[in-house]
Each structure stands twice: as structure tokens, then as C-alpha cells.
Amino acid sequence: MVEIIDTHAHLDGEEYAEDLPQVIQRAKEAGITKVFLPAIHLESVESILKVCDRYPDFAYPMVGLHPEEVKDDFRDVLYTMKSNYLQSSHPFIAIGEVGLDYYWSREFEKQQLEAFEEQVRWSVETQLPLMIHCRKAQNELVKILRKYEQNLPGGVFHCFTGNEIEARELLSFENFVLGIGGVLTFKKSHLPEVLPSVVPLSRIVLETDSPYMAPVPHRGKRNESAYVVNVLEKLAESYHLSKEEVAYCTNQNVKRIFGL
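## Regarding the packing of aromatic side chains
Logical step 1: Counting across every chain of the model gives seven aromatic pairs.
Logical step 2: Here the aromatic rings of Y103 and W104 are separated by 4.8 Å at their centres, their planes lie at 90°, and the arrangement is edge-to-face.
Logical step 3: You can call Y103 partly exposed: its relative accessible area is 42%.
Logical step 4: Seen in terms of ring centroids, F157 and F173 are 6.3 Å apart; in terms of plane orientation they differ by 55°. Their pairing is tilted. Of this pair, F157 sits in strand β6 (residues 155-157) while F173 sits in the loop between α6 (164-171) and β7 (176-180); the two residues are 16 residues apart in sequence, bridging distant segments of the chain. For the pair formed by F157 and F173, the shared burial category is buried.
Logical step 5: Among the aromatic residues, ring-to-ring pairing joins F36, Y60 and F258 into one connected group.
Logical step 6: Over the ring of F58 we find K28, and its NZ or CZ is 5.0 Å from the ring centre.
Logical step 7: Between R146 and the ring centre of F173, over which it is positioned, the NZ or CZ distance is 4.1 Å.

What follows is the structure, given as C-alpha cells:
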């Protein structure tokens, strides 16, 4: 069986309240050996830790404030998050899910910029990689990252769906990789052409973003970690490689970025 790592899944969400053990079991049966859980706000850090305590050596936690959760109280939230969780001894494998999102609104644009930069500094201080979310804000995001480029340990540009130019710009940050998920399998996606043309397989990790964006043939349903197999299959097809080769390479990328 091919072993795969799902680098981004919100398995602590209420969507899995009724059947999380079955979801985990299906993932393991599909060959998934590790799942990484990003935080989105203060409360989710605790729910993530509960899942990770329940499934040690399988589920791994991150800590961070999602851009869509940034409101006027963000400084208090970040202070509490850092002081409560990022002390000398902690279980977190990354700072995430953090970033910028201007897709729906720019109401908290300045707050998002400040919150993201603060969490980038956490990454520099702790040398934990970043799990970065970006929608309609790549220029602003890159501008902040450039300030810390020499000291950043690396990370993932989660849910990459961009073009060749955007891919090249993001990959100019050494030690960063692109997180590729279900969008790759969508009928109208240009990723099957974009990725092989400009992105070496050594700069890709697999993800589901469960419960969102389930890959074909599960599109429209609740996503889950087992479905990362469908992403692997499409990526292998796009690069004209075997599933085993793609799984091995992307797993090596995970080990390099996260140290796991």
C-alpha cells in the first residue's frame, strides 16, 4: 500500500463530531500515515489538541489565527495564543493556519496584515514552519514575507490554485512548498498543466483541506483525509509518474519542511 501524508485537514470540526473514529479508520485503511491539523482561532487550538491526544503519532497540531477570524480583538487573541501555547515545551509542528484573505471583504485588511506579520515573527522566533492561507492577497503576502525571508524556516503555501507566474513567485521563497488538494482534480482546473510546467515535484505536498473541496469523484460531499488518494492519483497522472514515486517524493518534502 502507498503511504501518504495529509498536510492539512480540519478534523476537529463539528462536521466530524458523529463519526471521527470511522473517518480516521478510513484514512488509515487508505494508506494515510499522518494528518496535520491547523488551528483557525483560539477555541480550535484546544479542539485540535484533543484530536491529537486521541490519535498520537497520527494527528499533529498547528497553532495560529486564520485570516478570516481576524477581528478588532486580534491582538488580545494572539497574545493569549502565544503565551498559552508557544512556550518552551509544546506539541505544535507549525504556525498555522495564517495568512491573508480578501476574497469576501477587506473590512479587516489592516488587522489581517498586522496579525499575519506577527505570526510570521513567531515562525522566525520558534523556527516552526508556516502554514499559509492566501486568497486575493498574494502581492501583500509576498511583501511581508520578503522582510523576513532570510530567517524563515520554510512552510507551505496551502491550497495553491494559481498560475505559472504566481507559482514561480511563491517558489522563490526557499524551503517553501505548495500544498495541492482537491482542486487539482476539478474539470476546469488548470493545475494539471501549470504544475508540471513550473513546479518540481520536490516543491509539493499533498493535502485535503477537509471537510472542504473534496476531490473528484467525491466533489460536493464532505471531504476527508482518505480522499487524498484521489489527489495523489491525479498528481501522478499529471507528472507522468507512478503513485509510489509521487507519494515518496511528497512524503520526503513533508519530512524536510516539518521535521517529521
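Okay, back to it.
## Some points on unusual backbone geometry
Logical step 1: In this structure, P211 follows S210 across a cis peptide bond, with omega equal to 10°.
Logical step 2: Following the sequence through the fold, P211 ends up in the loop between β8 (204-206) and α8 (228-239).
Logical step 3: The step from V216 to P217 runs through a cis peptide bond, and the omega angle for that step is 10°.
Logical step 4: By secondary structure assignment, the location of P217 is in the loop between β8 and α8.
Logical step 5: Even without being glycine, Q127 reaches a positive phi, approximately 60°.
Logical step 6: If you trace the backbone, Q127 turns up in the loop between α4 (109-126) and β5 (130-135).
Logical step 7: Classification of Q127 as partly exposed rests on a relative accessible area of 44%.

## Topic: the packing of helix α3 (residues 74-85) against α4
Each pair of packed helices can be summarised by the angle the axes make with each other and by the distance between the axes.
Logical step 1: One way to put it is that α3 packs onto α4 with a least axis distance of 10 Å and a crossing angle of 15°. As far as their axial angle goes, α4 and α3 are roughly parallel. Crossing hand, α3 versus α4: right-handed. Within the contact between the two elements, α3 uses F74, R75, L78, M81 and K82 and α4 uses Q111, E114, A115, E118, Q119, W122 and E125.
Logical step 2: Taken together, the residues of the contact of α3 with α4 sort by class into five nonpolar, two polar and five charged.

Parameters at a glance
- Residues numbered from 1 in each chain as written.
- Predicted model: local features only at pLDDT ≥ 70, side-chain atom pairs only at ≥ 80, totals over all residues.
- Heavy atoms only, no water.
- Phe/Tyr/Trp six-rings, centres within 6.5 Å; stacked < 30°, edge-to-face > 60°.
- Buried < 20%, exposed > 50% of the residue type's maximum accessible area, 1.4 Å probe, protein only.
- Helix = DSSP H or I, 4+ residues; strand = E, 2+ residues; numbered from the N terminus.
- Lys NZ or Arg CZ within 6 Å of the ring centre and 35° of its normal.
- Axes fitted to C-alpha atoms, helices over the stretch in contact; angles between N-to-C directions.
- Parallel < 35°, antiparallel > 145°, perpendicular 65-115°, else oblique.
- Left-handed = near helix turned anticlockwise from the far one by under 90°.
- Contact = heavy atoms within 4.5 Å.
- Nonpolar A, V, L, I, M, F, W, Y, C, P; charged D, E, K, R; others polar.

Nothing here speaks to function; it is geometry throughout.
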